[in-house]
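# Coordinates in review
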Amino acid sequence: MGIMSKILSGGESHTTEDYVELDLDDFDTARGEAGMSVRIATIGGKQDVVAIKDAVYDGNLVIADITRHTTSDSTMEHIVDDLRQVADEVDGDIVQKGDDQIIIAPTGVTIAREKLS
C-alpha cells in the first residue's frame, strides 16, 4: 500500500501519533524549498475553517478529516460551501472523498476524480 493510500484510506481514524517524523539529516537531499505543502486538518466546527482557508490561500493543499460530522449536517453544508468558495477564489479545486475527508487544492492544482488503480 502506497503512502497516499495510507493517508487517504477511508474509514480509519488517524491521530498525529500515526505519523512518523523523519529526520532529513539522515537523507541526502539536494532539493530547493518546496513551493507547496500538504497540510492535514480535522474539522470539528466552523472555527477550524479559518486555518484551512489560510493554508489554501498560502498555496498549500489541505486534506481535512470530517468524520465528526455527517454530510447531511447543516453545519457541514456551510463549511463545505465556505471551502468551495475559497477553492473558487484561488482557482483551485475541492473534492469530498467518501464521508470522511475533504481535499482542498490551491491555485494550479486539480484533483483527479478517478483512482489510479
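Up top you'll find the structure we're talking about.
Note that the structure is a prediction, hence the values are computed from the model and not measured.

## Brief notes about the pattern of salt bridges
The final tally for this structure, using the stated rule, is two salt bridges. The shortest N-O distance in the salt bridge between Arg-84 and Asp-81 comes to 3.4 Å. Here Arg-84 and its partner Asp-81 are both found in helix H3 (residues 74-89), three residues apart, which amounts to about one turn of the helix. Given the relative accessible area of 40%, Arg-84 is considered partly exposed.

## With respect to H3
For an α-helix, 3.6 residues make a turn, and residues three or four places apart therefore share a direction. With 16 residues, H3 should reach 22 Å at 1.5 Å per residue; the first-to-last C-alpha distance of 23 Å fits that figure. Listed as buried for H3 are Met-76, Ile-79, Val-80, Leu-83, Val-86 and Ala-87. One face of H3 carries all of its buried residues, which in axial projection span an arc of 120°. As for H3, its buried residues are in contact with helix H2 (49-57), strand E3 (93-97) and strand E4 (101-105). Directly after H3, the chain includes Asp-91, whose backbone phi takes a positive value near 55°.

Reading the values: rules and limits
Residues numbered from 1 in each chain as written. Predicted model: local features only at pLDDT ≥ 70, side-chain atom pairs only at ≥ 80, totals over all residues. Heavy atoms only, no water. Salt bridge = Lys/Arg side-chain N within 4 Å of Asp/Glu carboxyl O. Helix = DSSP H or I, 4+ residues; strand = E, 2+ residues; numbered from the N terminus. Buried < 20%, exposed > 50% of the residue type's maximum accessible area, 1.4 Å probe, protein only. Expected span 1.5 Å × (residues − 1). Arc of directions from axis to C-beta. Contact = heavy atoms within 4.5 Å.

By themselves, these observations are geometric and do not establish any function.
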